[in-house]
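# Examining the three-dimensional arrangement
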Amino acid sequence: MAPAITTLAADAPELSAANTGFMLICSALVMLMTPALAFFYGGMVRVKSTLNMLMMSFISLGIVTILWVLFGFSLAFGTDVGSIIGWSSDYVGLSGIGVTELWDGYTIPVYVFAVFQLMFAILTPALISGALADRVKFTAWALFITLWVTVVYFPVAHWVWGAGGWLFEMGVIDFAGGTAVHINAGAAALGVILVIGKRVGFKKDPMRPHSLPLVMLGAGLLWFGWFGFNAGSWLGNDDGVGAVMFVNTQVATAAAMLAWLAYEKVRHGSFTTLGAASGAVAGLVAITPSGGAVSPLGAIAIGVIAGLLCAMAVGLKYKFGYDDSLDVIGVHLVGGVLGSLLVGLFATGGVQSDAKGLFYGGGLDQLGKQAVGVFAVLAYSLIASAILALIIDKTMGMRVSEDDEVSGIDQVEHAETAYDFSGAGGGASSRSTAAPAPAVTENKKVDA
């Protein structure tokens, strides 16, 4: 993310119609990522959980939007309070912001910056939902989102991107959300599943994706939307940094997809569509924090490393016994950690800042800063998320009953099913209206 707030110079910038339009488009692209994620996750679950998976993402669009307007933007990007949180009364309800008031040091209105950041805030809790598939009450999930963004996401966003935030001031590089989004969500997913436990039949029953075309559609839309997510995080197009990030996003994603598929072929003997989609997402995650600091060759290296290691990491749940339903930990947590740490190795010092990684003569200084950011966010999100889940579980209950889980969470929680085959034919009533088959006769001579 571009520096959040800078002191206005004597020649303060003027509103740029080009940058403003660009950022509005990027905001729309990032918004698209949440329904894209819903399709991606929705295709990966069994039929009986499809709608619930879609809704777990879509409800974030509603809840987080309202919280962001009421107080979230103020907590994340208001005036710093103790390097931990922000607060500005003008941002409460977005009521004290002028229509043409610019985000300090930039050429876009505050409203545009606020709506761009809103889309990040919406997507992050939706990422968590993939780890909890098949077993969480929808009301409990809605309450968890409300508490989690307030207690975890808004403060962490301030740490990483807000002027005065302690990680921001330390010099931790996170261009577009490796720590604040992906490590944050991945650690939260781990914290929650340690509280709520495994799905019925975990490691016993087949739990294969019910619609790989939906998975591929979701992955493709995520890849498309991610250009707004990443390139837009420089908040403008004036110096070419956003363009480098755009290129690196494409390059790292392609490299990670190929690396994941190569690993699958060697390890399992096949190239799978699920592997292609997962590898692409792993590359997108890993380049998110690092793409503004590295060259395209560095982006290839990051993509290959992420593709291989994330492919290996998704199997850890079977070894350690935690039920991460859709591999949020293996892809988002591991990918976010890798991308954030690899800044300390591959940063060239010639793109978003002059900070150099170990391979470019910068020593271990930046790597050390990155490690502090990674493990601070990971630990805080893991512990806080587990506590929130435990509170909800002990009060209203976080999980549906075992019978409801087995019968299908879609019908129980939403009174709907994803697919209705009642009109597809094949029943007795449809056969009764069909034309009768020709009578069969034996030894009938047919005249030529």
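Here the structure is shown first, and the text comes after it.
Residues numbered from 1 in each chain as written. Predicted model: local features only at pLDDT ≥ 70, side-chain atom pairs only at ≥ 80, totals over all residues. Heavy atoms only, no water.

At a minimum axis distance of 8 Å, the contact between helix α3 (residues 110-128) and helix α6 (residues 178-196) shows a crossing angle of 30°. Considered as vectors, α3 and α6 are oriented roughly parallel to each other. Where α3 crosses over α6, the two elements pack in a sense that is right-handed. Residue-level contacts link F120, T124, L127 and I128 of α3 to A180, V181, H182, A185, A188 and A189 of α6. Of the residues assigned to the contact of α3 with α6, the class counts are 8 nonpolar, 2 polar and no charged. (Axes fitted to C-alpha atoms, helices over the stretch in contact; angles between N-to-C directions. Helix = DSSP H or I, 4+ residues; strand = E, 2+ residues; numbered from the N terminus. Parallel < 35°, antiparallel > 145°, perpendicular 65-115°, else oblique. Left-handed = near helix turned anticlockwise from the far one by under 90°. Contact = heavy atoms within 4.5 Å. Nonpolar A, V, L, I, M, F, W, Y, C, P; charged D, E, K, R; others polar.)

Once that is clear, we can look at the pattern of salt bridges. One side chain can pair with another of opposite charge once the charged atoms of both are near each other. Per the stated rule, a full pass over the model turns up 6 salt bridges. Here D323 ties to R199 by a salt bridge, and the two come within 2.8 Å at their closest N and O atoms. Of the two residues, D323 sits in the loop between α11 (316-320) and α12 (328-346) while R199 sits in the loop between α6 and α7 (212-231), which places them 124 residues apart along the sequence. The pair D323 / R199 is uniform in exposure class, with both members buried. Across the salt bridge formed by D327 and K317, the nearest N and O atoms sit 3.0 Å from each other. Within this pair, whereas D327 is found in the loop between α11 and α12, its partner K317 is found in helix α11, the two being separated by 10 residues in sequence. By relative accessible area, K317 is classed as buried at 5%. Among the charged side chains, a salt-bridge network with shared partners connects R46, D134, R199 and D323. (Salt bridge = Lys/Arg side-chain N within 4 Å of Asp/Glu carboxyl O. Buried < 20%, exposed > 50% of the residue type's maximum accessible area, 1.4 Å probe, protein only.)

We now examine unusual backbone geometry. Positive phi is not limited to glycine here, since L94 has a value of about 50°. Residue placement: L94 occurs in the loop between β2 (85-86) and α3. Judged by its relative accessible area of 15%, L94 is buried. Unusually for a residue other than glycine, A415 sits at a positive phi of about 55°. Relative to the elements of secondary structure, A415 occurs in the loop between α15 (409-414) and α16 (428-432).

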